[in-house]
Amino acid sequence: DAGVIQSPRHEVTEMGQEVTLRCKPISGHDYLFWYRQTMMRGLELLIYFNNNVPIDDSGMPEDRFSAKMPNASFSTLKIQPSEPRDSAVYFCASSLGGGQFGYTFGSGTRLTVV
Amino acid sequence: LAKTTQPISMDSYEGQEVNITCSHNNIATNDYITWYQQFPSQGPRFIIQGYKTKVTNEVASLFIPADRKSSTLSLPRVSLSDTAVYYCLVGDRGIPTFGRGTSLIVHP
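Owing to the predicted nature of the structure, the values given are computational and were not obtained by experimental measurement. (Residues numbered from 1 in each chain as written. Chains lettered and ligands numbered in written order. Predicted model: local features only at pLDDT ≥ 70, side-chain atom pairs only at ≥ 80, totals over all residues. Heavy atoms only, no water.)

### Things to note about the side chain of Gln38(B)
To keep things clear, this is the line we draw: Numbered from the N terminus, helices here are DSSP runs of H or I no shorter than four residues, and strands are runs of E no shorter than two. Residue burial is assigned from relative accessible area. The probe radius is 1.4 Å, only protein chains are included, and a residue is buried under 20% of its type maximum, exposed over 50%, and partly exposed in between. Polar contact criterion, stated in full: a pair of N or O atoms within 3.5 Å, where within protein one must be able to donate a hydrogen and the other to accept it, and residues adjacent in sequence count only if both atoms are side-chain atoms. In what follows, a contact means two residues having at least one pair of non-hydrogen atoms within 4.5 Å.
Within the element layout of this structure, Gln38(B) appears in strand 3 (residues 32-38). The exposure class of Gln38(B) is buried, given its relative accessible area of 6%. Within polar-contact distance, the side chain of Gln38(B) engages the side chain of Tyr87(B) at 3.0 Å. Aside from chain neighbours lying at most four places away, what touches Gln38(B) is Gln37(A), Leu43(A), Phe91(A), Gly43(B), Pro44(B), Ala84(B), Val85(B) and Tyr87(B).

### Some details on the state of the cysteines
The line we're drawing: The criterion for a disulfide is a pair of cysteine sulfur atoms lying within 2.5 Å.
For the structure shown, the criterion picks out two disulfides over all chains. The side chain of Cys23(A) participates in a disulfide bridge whose partner is Cys92(A); the two sulfur atoms lie 1.9 Å from each other. As the torsion about the S-S bond is roughly -70°, the Cys23(A)-Cys92(A) disulfide counts as left-handed. Of the two residues, Cys23(A) is situated in strand 3 (residues 19-24) and Cys92(A) in strand 9 (residues 88-95); the sequence distance between them amounts to 69 residues. Both residues of the pair, Cys23(A) and Cys92(A), belong to the buried class. There is a disulfide in this structure between Cys22(B) and Cys88(B), and the S-S distance comes to 2.2 Å.

Structure follows, in structure tokens:
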């Protein structure tokens with residue numbers, strides 16, 4: 001298995017533009033998580049899905065952020081409009097059965113909003 | 001979700017054994033203890049998981065006392081490539097919540 005695949009690896013955009021981050025979880029995993037990491041706040045859980053259904057989105061910072069999981073092999077995190085304070089590394093992770101076997105993270109997307 | 005407390009940073013030298021202790025006083029009966037490692041510019045990587053006593057794999061050992069209020073990750077004979085941030089997570093199925101972790105720096 002190729003692991004959790006995220007794209008793009010790097011994204012530079014101007015303030016006000018829409019940004020879409022993509023994630024392909026490991027085949028067969030039924031949980032998917034989106035995290036954001038910054039120096040100031042560390043790793044923050046934004047939202048997670050179980051069987052493609054959003055379970056908890058309380059970590060999503062505001063309405064500018066939205067996430068979807070249209071099928072078991074694909075998820076997106078969208079920011080519209082983007083702001084400089086959204087600059088961070090965004091990680092996607094997946095797991096089987098809620099995590100008792102560990103979570104597998106992707107390599108992340110480094111987002112810079114100028 | 002049980003809160004965890006770890007040292008912010010640790011220093012060691014190549015070839016030494018490193019022990020990182022995590023406190024989790026409010027651990028629940030069904031909670032597992034999981035450790036992750038994160039290198040710069042990479043996502044966290046699962047190292048080891050345990051429920052009680054001792055667990056060992058090819059990378060590390062995890063020691064958990066009988067009261068389970070703490071756990072110790074042991075890295076034998078560290079090398080420069082073990083320089084990373086190490087996170088302790090406690091919980092049952094569901095939300096993995098990361099604290100600030102322990103930044104381990106291994107010196108030549």
